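# Architecture at a glance
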Amino acid sequence: MAVDQWGLVTAAQARGLGVSGVQLMRLTEAGLLESVGRGVYALPAVGLPRHLEIKVAWLRLQARVPAWDRPLGSRDSGVVSHASACQLHDLGDIPAPDVEISVPRRRTTTEPFVRLRTACLGAADITVVDGLPVTTAARTIVDLLHTKADGGHVGGVIADAERRDLVDIDALADAVQPHARKYGLPAAATGHELIEHLVGQAGRTLHFQEVARAGEEGIAIGAQLGVLTRYLDAGKPFREALAGEAYASLFRAIAAQQLENRTALEDAMPRFLPVLRALQQETSQ
């Protein structure tokens, strides 16, 4: 039972296998089991799993039912969501003091540090991470906005999700647009504007914007190097070719390989080499 549940077993599952509470206590005293939550035990020989608190809380929702017998979307099922979903997806650095699980019907818990949220989730809103049902990155972001989580933290989650291709930005923009006013933007602001606002609060940029900017820089660098090369090919001395401060600054940046856009630098190298050879000739003279 435990092997297929990250090395964990509930007391209710153990009783179903014929192990009494007294036997569980003796196994724990002997060091063969370790209590990791009320009514949940771990096998020390297996080692404690990652995200232990989340897994313990999720197992306790249906303490008698094995993990593999819990269909997604059933009446009693739970899906890891909100900040806890960010932990499982490894997105952003949003604080997660509580384990947050979305359930399809209203339920209460006396467990400290466990928060149950009522939500009807469709199949498209759920994925599986480390054997746990968890809201998709897109649904997680929408849920965080619905609860008015800190904008900078949400922006970090968006930036990480976009960089790892876990979200489609256009589809996400449509889903988040209704939350624009919560974050200080006009009601008429677009979802894309809200996304850029949140990502900016996190001090981040979206990957597709970096790619676009890199392409623009590459075109500009290539054009300037082309001018320098043609200038030298026309027989002009290298120092005269670099008379303009803009070209001198450009060359120094490339020569020192200080350009952040390494792809553009590599693309420009065939045109840059003749300029470098001219510099070497001038230096040797």
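That block above? That's the structure.
In short, a report on the structure.

Thresholds applied
- Residues numbered from 1 in each chain as written.
- Predicted model: local features only at pLDDT ≥ 70, side-chain atom pairs only at ≥ 80, totals over all residues.
- Heavy atoms only, no water.
- Helix = DSSP H or I, 4+ residues; strand = E, 2+ residues; numbered from the N terminus.
- Buried < 20%, exposed > 50% of the residue type's maximum accessible area, 1.4 Å probe, protein only.
- Contact = heavy atoms within 4.5 Å.
- Areas by Shrake-Rupley, 256 points an atom, 1.4 Å probe, with all protein chains shown as cover.
- Phe/Tyr/Trp six-rings, centres within 6.5 Å; stacked < 30°, edge-to-face > 60°.
- Lys NZ or Arg CZ within 6 Å of the ring centre and 35° of its normal.
- Pairing = 2+ DSSP bridges.
- Axes fitted to C-alpha atoms, helices over the stretch in contact; angles between N-to-C directions.

### Points about the overall build of the protein chain
- Within the protein chain, the regular secondary structure consists of twelve helices and eight strands.
- The buried share of the protein chain, reckoned over its 285 residues, is 42%.
- Counting only contacts in the protein chain whose residues sit at least 6 apart along the sequence, the fraction spanning at least 24 positions is 55%.
- Entry remark: accessible area of the protein chain is about 15,400 Å², with carbon and sulfur atoms responsible for 52%.

### Quick look at the side chain of Asp-160
- Secondary-structure assignment places Asp-160 in helix α6 (residues 151–163).
- Given the relative accessible area of 18%, Asp-160 is considered buried.
- When sequence neighbours within four positions are dropped, the list of residues in contact with Asp-160 reads Leu-91, Gly-92 and Arg-204.

### Looking at the packing of aromatic side chains
- The full count for this structure, using the stated rule, is one aromatic pair.
- Judged by centre distance (6.1 Å) and plane angle (70°), the rings of Trp-6 and Trp-58 are edge-to-face. Taken together, the positions of Trp-6 in the segment before β1 (8–10) and Trp-58 in helix α3 (residues 52–61) put the pair 52 residues apart, joining distant regions of the chain.
- The class of Trp-58 is buried, set by a relative accessible area of 4%.
- The ring of Trp-58 carries Arg-70 above its face, with NZ or CZ at 4.4 Å from the centroid.
- Here the basic side chain of Lys-148 rests over the ring of Tyr-183, its NZ or CZ set 5.1 Å away from the ring centre.

### Notes on the sheet that holds strand β3 (residues 40–42)
- Reading across the sheet, the three strands line up as β1-β3-β2 and stay open at both edges, with antiparallel pairing between neighbours. Edge positions in the open sheet fall to β1 and β2 (34–37), since each of these has one partner strand only. Within the sheet, the average angular offset between the axes of one strand and its neighbour, ignoring direction, is 40°.
- Summarising the sheet, β1 and β3 pair through three bridges and their orientation is antiparallel. The residue of β3 that forms the bridge with Val-9 is Tyr-41.
- Most of the contacts of α3 go to β1, to which it runs at about 30°, and overall it touches β1, β2 and β3.

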